[in-house]
Amino acid sequence: MNDDTNPLMMLIWILPIVLFVFYGQRIQLYVTSGEIKKAIKKLDGFKDESRIELIDYVNKNLKLDNDPTKKIDKFLEYFTIMPVDMDPNGIVDKVRHTVRMREDYTLEHIKLLSPQINNLELTKVQTLLEIASSLQMIHKIVNHMFLTAKKQNNYPLILPLQMILPFIMEQAKAMSKSIPAFKIGQPVGDGIGPMVVGKMMLNCDKERIAFQTVLAKTEFDGRKLFLIKAEGPGSTVGRPAEALEKIVSDSNIDAIIMVDAALKMEGEDSASIACGFGAAIGGIGTERFQIEEIATHKNIPVFSIVVKQSVTEAITLMTKPIAEKSDDVTSQIYEMIQENTTSGQSLVIIGVGNTSGVPQ
Amino acid sequence: MIFSKEKIIIAYTIEKCSKCDIQNKREFIDGDCLFTESSKCSSCDGITVIEKIFGEELDS
């Protein structure tokens, strides 16, 4: 009797097949659960660390009379309900209103915690608060998706989570790693735009043109330059669209140049510079919409220079290759001005990004 | 991932003398801020200005 006709061997073959047919999904669920549980544990750690770092920072730097823990925990639980988009007409204004309302509320309540707080500390606490609340939200959502799938014993429900988890973990890890830079007030990768424009602003008269946004006027090769960036060295991105709107209402602008950090694609070199067209600005999209509206309405060409970087590089301490590209970016701006405008024309140059640790 | 090690990043400050253009790299000190005056130049009587602040991986 050879192996093919041996009933025991047949059973050994058939049993796993039967097992996998009926319990395959459940087995996969258990295997995947292990990986996801580990990730959730990490997310829980990031969430707790960021909360502790925030409370420590507030206690050390704001010199409060009362323990702020309760108030901070309340802040961390705040949520934002985005406007209904069934009728997209006017949605951008609604989103802008909701986001600004949250920003203003947070700033006001940090001020209430410590009325003597200066702008630099205010923006730092605001950023740390945003990081902690984002990490809390990420943990909550991932945990919810995992527990729902487990409760229902539903493997397909866990699949999207398993697929997206590496990206979520990359973002969460980057956010967690960004805390020291924001606490100390060091420049981050995203600050390359403000760093370049801030350097161009040195020795120029500066004025506040919009909330947490500064303007400096200078000249280059017969062209009038309006330089805009967020007001440093606090951790803020300012309101460049509002600033642009004010400039355009007072002066004739012939071109807009935006300098920003951009997420690199896999395989692309970090700190590589690329030039292009259109408004280079990230975020929720309201600033970009407003800039595009102004440019379209006034028929102003928009040029962009971006410095490519990863998610982690963008929000952690600026790396050496990125910092070393600042002079190259400046030369490219001047080159772009000469190529696209003529003497006597006016341009707006916007340094887009978080200006933490970058004054002007 | 078993063999991946957490990299140690050290923050550095680059100072540049506004008079003789000599650059000096030193470790970042709390309070360092871009474009601000930092110290006296070691090779002339000029004042150095902080030109860059960045992080570099620690050589192992």
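Every value quoted in this text rests on a predicted model; they were computed, and no experiment measured them.

Draft legend 1. Region of the structure containing the overall build of chain A. Tallying secondary structure elements over chain A gives 11 helices and 7 strands in all. When its C-alpha atoms are laid out on the principal axes, chain A stretches across 100 × 55 × 45 Å.

Draft legend 2. Local environment of the domain arrangement of chain A. Residues and elements named next belong to chain A. Structurally, chain A comprises domain 1 (11-184) and domain 2 (189-351). Distance from the C-alpha centre of domain 1 to the C-alpha centre of domain 2: 30 Å. Taken residue by residue, the interface counts 17 residues in domain 1 and 12 residues in domain 2. Mapped by element, the contributors of at least two residues to the side of domain 1 that touches domain 2 are helix H3 (91-113), helix H4 (119-151) and helix H5 (155-184). Sorting elements by how many residues they give to the side of domain 1 that touches domain 2 places H5 first, with 8 residues.

Draft legend 3. Region of interest: the sheet that holds strand S1 (residues 206-210) of chain A. Residue and element names in this part refer to chain A. With respect to topology, 7 strands assemble into an open sheet ordered S1-S2-S3-S7-S4-S6-S5, the strand pairing being mixed. Taken across any chain shown, the strands that pair with only one partner, and hence form the sheet edges, are S1 and strand S5 (273-277). Strand-to-strand twist in this sheet, taken as the mean axis angle between neighbours without regard to direction, amounts to 25°. Two elements, strand S2 (residues 213-220) and strand S3 (residues 223-230), share 8 bridges in a ladder whose sense is antiparallel. Considered in S3, the bridge of Lys 217 is made with Phe 226. Relative to S1, helix H7 (residues 240-250) is tilted by about 105°, and along the sheet it contacts S1, S2, S3 and strand S7 (346-351).

Draft legend 4. Structural detail: the environment of A:Ala174. All names here are of chain A. Among the structural elements, Ala 174 can be located in helix H5. Distance from Ala 174 to Thr 312, taken between C-alpha atoms, is 4.6 Å for residues 138 residues apart in sequence. Residues contacting Ala 174, with those up to four places away along its chain left out, are Val 311, Thr 312, Ile 315 and Thr 316.

Draft legend 5. Representation of the nonpolar core within the structure. All names here are of chain A. Judged by nonpolar contacts, the single largest core of 83 residues is most densely connected at Leu 227, Ile 256, Ile 257, Met 258, Val 259, Val 348 and Ile 349. Ranked by residues supplied to this core, first place goes to H4 with 10 residues. Those residues within four positions of Leu 227 in sequence are excluded, and the remaining contacts are Val 197, Met 200, Met 201, Leu 215, Ala 216, Thr 218 and Ile 349.

Draft legend 6. Region of the structure containing unusual backbone geometry. Residues and elements named next belong to chain A. Residue Pro 233 follows Gly 232 across a cis peptide bond; omega there is 5°. For Asn 299, which is not a glycine, the phi torsion comes out positive at approximately 55°. Tracing the backbone shows Asn 299 in the loop between helix H8 (286-298) and strand S6 (302-309). With 7 C-beta atoms packed within 10 Å, Asn 299 lands in the exposed category.

Draft legend 7. View of the interface of chain A and chain B. Facing 16 residues of chain A, the contacting portion of chain B comprises 11 residues. The set of elements that each furnish at least two residues to the side of chain A that touches chain B consists of helix H6 (192-201) and helix H10 (320-324) of chain A. When residues of the side of chain A that touches chain B are assigned to their parent elements, the largest contribution, 3 residues, is made by H6(A).

Draft legend 8. Structural detail: the environment of A:Lys37. Position of A:Lys37 among the secondary structure elements: in helix H1 (residues 7-62). A:Lys37 sits 145 residues away from A:Phe182 along the chain, and the two C-alpha atoms are 30 Å apart.

Draft legend 9. Structural detail: H6(A). Counting buried positions over the 10 residues of H6(A) gives 9, a clear majority of the element. All of the buried residues along H6(A) are A:Ile192, A:Gly193, A:Pro194, A:Met195, A:Val196, A:Val197, A:Gly198, A:Met200 and A:Met201.

Draft legend 10. Representation of the sheet that holds strand S2 (residues 23-27) of chain B. Residues and elements named next belong to chain B. In spatial order, the strands read S2-S1-S4-S3; together these 4 strands make up an open sheet with antiparallel pairing. Of all the strands in the sheet, just S2 and strand S3 (37-40) have a single pairing partner and so form its edges. In this sheet, adjacent strand axes meet at a mean angle of 40° when their direction is disregarded. Both strand S1 (residues 9-17) and S2 contribute to a ladder of 5 bridges, which runs antiparallel. Residue pairing across strands places Ile 14 opposite Lys 25, the latter belonging to S2.

About the cut-offs
- Residues numbered from 1 in each chain as written.
- Chains lettered and ligands numbered in written order.
- Predicted model: local features only at pLDDT ≥ 70, side-chain atom pairs only at ≥ 80, totals over all residues.
- Helix = DSSP H or I, 4+ residues; strand = E, 2+ residues; numbered from the N terminus.
- Domains from an automatic or database assignment.
- Contact = placed C-beta atoms within 7 Å.
- Pairing = 2+ DSSP bridges.
- Axes fitted to C-alpha atoms, helices over the stretch in contact; angles between N-to-C directions.
- Core = buried A, V, L, I, M, F, W, Y, C linked by C-beta atoms within 7 Å.
- Buried ≥ 20, exposed ≤ 12 C-beta atoms within 10 Å, placed from the backbone.

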